[in-house]
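# Residue-level structural notes
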Amino acid sequence: QVQLVESGGGLVQAGGSLRLSCEVSGRTVSMYSMGWFRQTPGKEREFVAAIRWNGVNKDYADSVKGRFTISRDTAKNAVYLQMNSLKSEDTALYYCAVHRRPYTWGGGPGEYDYGGQGTQVTVSS
């Protein structure tokens, strides 16, 4: 059974930085593509960033390109999201997610499993 435990969220001023962490159990990050998604009240969950199972390919939403960086640590079986130059529109509940199929890349939110409670990021302007 997959378990994803997110941490690192908080309150930060616009222009600041946060680093989100996701501890993964039940899946091996070197076998599964991983992603970060976010959601605000009344809106659908949206894609933020993803890292391919091989650790080489990464993808970002246009709104975060150049500001956010996704990475992973295979030894710790963890995934991270470094968020810089934060904006008020980045305020959301952030979720870590693992692709449903091993050695597979791509797909929308429905292609991932979400096991965590999320971590809240609030950016004050």
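Structure report, in brief. (Residues numbered from 1 in each chain as written. Predicted model: local features only at pLDDT ≥ 70, side-chain atom pairs only at ≥ 80, totals over all residues. Heavy atoms only, no water.)

## Focus: the overall build of the protein chain
We apply this condition: Elements are defined by DSSP. Helices are runs of H or I of four residues or more, strands are runs of E of two residues or more, and each kind is numbered from the N terminus. Throughout, radius of gyration means the C-alpha value; the globule benchmark is 2.2 Å times the number of residues raised to the power 0.38. Only protein chains enter the calculation, and the probe is 1.4 Å; a residue is then buried if its accessible area is under 20% of its type maximum, exposed if over 50%, and partly exposed in between. Two residues qualify as a contact provided that any one of their heavy atoms is within 4.5 Å of a heavy atom in the partner residue. For the charge count, each Lys or Arg is scored as positive and each Asp or Glu as negative, with His and the chain ends excluded. To locate a charge, take NZ of a lysine, CZ of an arginine, CG of an aspartate or CD of a glutamate.
Within the protein chain, the regular secondary structure consists of zero helices and 11 strands. Seen in sequence order, the protein chain has helices and strands lined up from the N terminus as β-β-β-β-β-β-β-β-β-β-β. Here the C-alpha atoms of the protein chain give a radius of gyration of 13 Å, agreeing with the 14 Å that 2.2 N^0.38 yields for 125 residues. Projected onto its principal axes, the C-alpha positions of the protein chain cover 40 × 30 × 25 Å. Residues counted as buried form 41% of the 125 residues belonging to the protein chain. Pairs at least 24 apart in sequence give 59% of the contacts found in the protein chain among residues at least 6 apart. When the 14 positive and 11 negative side-chain charges of the protein chain are each reduced to one mean point, those points stand 4 Å apart.

## Comments concerning the side chain of Ser33
In plain terms, the rule: Any pair of nitrogen or oxygen atoms within 3.5 Å is treated as a polar contact; in protein, a donor-acceptor pairing is required on top of that, and neighbouring residues in sequence qualify only through side-chain atoms on both sides.
Of note, Ser33 is situated in the loop between β3 (18–25) and β4 (34–39). On the basis of relative accessible area, Ser33 is assigned to the buried category, the value being 0%. One polar contact links the side chain of Ser33 to the main-chain amide nitrogen of Trp53, over a distance of 3.1 Å. Non-local contacts of Ser33, meaning those with residues more than four positions away in its chain, are made with Ile51, Arg52, Trp53, Ala97, Val98, His99, Thr104, Trp105 and Tyr112.

## Some words on the environment of Arg27
One can find Arg27 in the loop between β3 and β4. On the basis of relative accessibility, which here comes to 17%, the residue Arg27 falls in the buried class. Taking the C-alpha atoms as reference points, Arg27 and Gly66, separated by 39 residues in sequence, lie 29 Å from one another. Discounting residues that sit within four places of it in the chain, Arg27 has contacts with Val2, Tyr32, Asn77, Val98, His99, Arg100 and Asp113.

## Focus: the packing of aromatic side chains
A ring pair, where both rings are aromatic, is described by two values, the distance of the centres and the angle of the planes. Our working definition: Centre distance within 6.5 Å is the pairing criterion for rings of Phe, Tyr and Trp, where only the six-membered ring of Trp is used; planes under 30 degrees apart are then read as stacked, over 60 as edge-to-face, and the remainder as tilted.
One pass over the full model with this rule turns up four aromatic pairs. Ring centres of Phe37 and Tyr112 lie 5.1 Å apart, and the angle between their planes is 65 degrees; this geometry places the pair in the edge-to-face category. Taken together, the positions of Phe37 in strand β4 and Tyr112 in strand β10 (residues 112–113) put the pair 75 residues apart, joining distant regions of the chain. The pair Phe37 / Tyr112 is uniform in exposure class, with both members buried. When the ring of Trp53 is compared with that of Tyr103, the centres are 5.0 Å apart and the planes differ by 90 degrees; the resulting orientation is edge-to-face. Separated by 50 residues along the polypeptide, Trp53 in the loop between β5 (46–51) and β6 (58–60) and Tyr103 in the loop between β9 (92–99) and β10 bring together distant segments of the chain. By relative accessible area, which is 46% here, Tyr103 ends up partly exposed. Among the aromatic side chains, those forming a connected cluster through ring pairs are Phe37, Phe47, Tyr112 and Tyr114.

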